Amino acid sequence: MVKSGRWILALDVGGTNMSGALFPDSGGDPVALSTRKTPGSEGPAGVVEAGAELLDEVRRQGAEKGVDVKRIVGVGIGVPGTVEPGRGIVSLAPNLGWKGVPIRDLFQDRVGLPVVVDNDANCAALGEWWVGAGRGSRLMIAATLGTGIGGGIVKEGRVVRGVAGAAGEIGHMTIEMDGHPCQCGNHGCLEAYASGTGIARRAREALRGGAESTMTGMVETEEEITAAVVTRAAQEGDPVGLRILQETARYLGAGLAGLVNALNPDRIVLAGGVVKAGSLLLDPVREEVRRRAFPASAEACVIAAARDPELAGVRGAALTFRREVLEGRR
Ligand SMILES: [Zn+2]
């Protein structure tokens, strides 16, 4: 492993967990990696403190492995919200309840290094484009299915940001006209149905409606029903788990088919905890897209699981820092 050269810290703040990592500025695999819970209820100050502690830990791990920590040049951070380009202000992060938070400056003050902030799903998309399932793609869409649904669009290796930096929010496409309320304030968003949170909610509703399922034996309280429980039940052949995943695939497929028609991408990469369901989810998603999208566009688009779902976010955050600070471009 090359231990000279420069190093970049990366932090991926999710709605539930956060990951920190230390990367060589040339890319490649992290020399240190750690995760912890996101203390979302403690507000921006609590999240900044927890994130900075995680970065300290990653820096210590790096030092133990022979990295010269004086050669760490800065931090790339992904956050689950829309970020004003170039200013590092989170304009809206529904799952953290943040509005207008100057997260770049808060981190910079605490960490004492230059910081670049972008949307977490943009980072994950860029990470998968760089060395993952999006490699070589000319126009890719990445969707991260976790607590919420993040999205990123990468065209010829650049993130498509839109004029306010808010492009790629594919989790907030309306797929049910008068559907369930979404964290963003709208109703019937894709996120309200196909995110981990949406899957868990639909499973609880099914069980409350009296559906018989092995899930009831897998947990003690209703709150313990998560997308992971639904997936495990489905993998064991439970009909309710299977039906919930099938419906999830339909919602996702309908949303993605719209994007396939609108953008004609060559790649859709799916990441996040929900994708651990594997072919139980991916196969019906592919089918639904084929059923709904224009044949030529559906034909041209490969739908794949992320190669490195755990690393894509931090890797993309590191690349974002490299581009913006070390190379002076976005
Ligand atoms: Zn929404």
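Residues numbered from 1 in each chain as written. Predicted model: local features only at pLDDT ≥ 70, side-chain atom pairs only at ≥ 80, totals over all residues. Heavy atoms only, no water.

Caption draft 1: View of the overall build of the protein chain. Counting its secondary structure elements, the protein chain contains 11 helices and 13 strands. The burial tally for the protein chain puts 54% of its 330 residues in the buried class. Across the protein chain, contacts joining residues at least 24 apart in sequence account for 63% of those joining residues at least 6 apart. Accessible area of the protein chain: about 14,100 Å², with a carbon and sulfur share of 51%. Charge-centre separation for the protein chain: the mean point of 37 positive side chains lies 6 Å from the mean point of 39 negative side chains. (Helix = DSSP H or I, 4+ residues; strand = E, 2+ residues; numbered from the N terminus. Buried < 20%, exposed > 50% of the residue type's maximum accessible area, 1.4 Å probe, protein only. Contact = heavy atoms within 4.5 Å. Areas by Shrake-Rupley, 256 points an atom, 1.4 Å probe, with all protein chains shown as cover. Lys, Arg positive; Asp, Glu negative; His and termini not counted. Charge placed at Lys NZ, Arg CZ, Asp CG, Glu CD.)

Caption draft 2: Summary view of the domain arrangement of the protein chain. Segmenting the protein chain into domains produces domain 1 (7–125 + 312–326) and domain 2 (133–305). Distance between the C-alpha centres of domain 1 and domain 2: 25 Å. At the junction of the two partners, domain 1 supplies 16 residues and domain 2 supplies 21 residues. Summed over both partners, the interface of domain 1 with domain 2 buries about 1,400 Å², with 48% contributed by carbon and sulfur atoms. Of all residues in domain 1, Asn95, Asn122 and Ala125 give up the largest surface area on contact with domain 2, accounting jointly for 34% of the area buried on that side. Across the pair Arg161 and Asp118 runs a salt bridge, and its minimum N-O distance is 2.8 Å. Run the count over domain 1 and domain 2 and you get 4 residue pairs in polar contact (both at pLDDT 80 or more). (Domains from an automatic or database assignment. Buried area = accessible area lost by both parts, 1.4 Å probe. Salt bridge = Lys/Arg side-chain N within 4 Å of Asp/Glu carboxyl O. Polar contact = N/O pair within 3.5 Å; in protein donor to acceptor, adjacent residues only side chain to side chain.)

Caption draft 3: View of the coordination of the zinc ion. Distances from the zinc ion to its protein donors, His172 (ND1), Cys182 (SG), Cys184 (SG) and Cys189 (SG), fall at 2.0 to 2.3 Å. Mapped onto the sequence, the donors of the zinc ion take the spacing H-x9-C-x1-C-x4-C. For Cys182, a relative accessible area of 10% corresponds to the buried category. (Donors = N, O, S within 2.8 Å, 3.2 Å for Na, K, Ca; no water.)

Caption draft 4: Structural detail: the pattern of salt bridges. Within the structure shown, the criterion is met by 21 salt bridges. One salt bridge connects Arg36 with Glu53, and the closest N-O pair in it is separated by 3.0 Å. Of this pair, Arg36 sits in strand β3 (residues 32–37) while Glu53 sits in helix α1 (residues 43–64), placing them 17 residues apart in sequence. We classify Arg36 as partly exposed; its relative accessible area is 32%. Exposure remark for Glu53: the relative accessible area of 35% places this residue in the partly exposed category. Taken together, the salt bridges that share partners define one network made up of Asp29, Arg307, Asp308 and Arg315.

Caption draft 5: Up close: the pairing of strand β12 (residues 267–271). The buried count for β12 comes to 5 of 5 residues, which makes it a mostly enclosed element. Side chains Arg267, Val269 and Ala271 of β12 all project onto a buried face; the interleaved residues Ile268 and Leu270 project onto the opposite face, where all are buried too. Pairing analysis gives 5 bridges linking strand β9 (residues 139–145) to β12, with the strands arranged parallel. Among the inter-strand pairings, Ala143 is bridged to a residue of β12, identified as Leu270. One ladder, built from 4 bridges, connects β12 with strand β13 (residues 302–305); its direction is parallel. Across the sheet, residue Val269 finds its bridge partner in β13, namely Ala304. (Pairing = 2+ DSSP bridges.)

Caption draft 6: Summary view of the side chain of Ser195. Mapped onto the secondary structure, Ser195 falls in the loop between α4 (190–194) and α5 (196–208). The exposure class assigned to Ser195 is buried, which follows from its relative accessible area of 1%. Beyond its immediate chain neighbours, meaning those up to four positions away, Ser195 contacts Gly146, Thr147, Gly148, Ile149, Leu190 and Val274.

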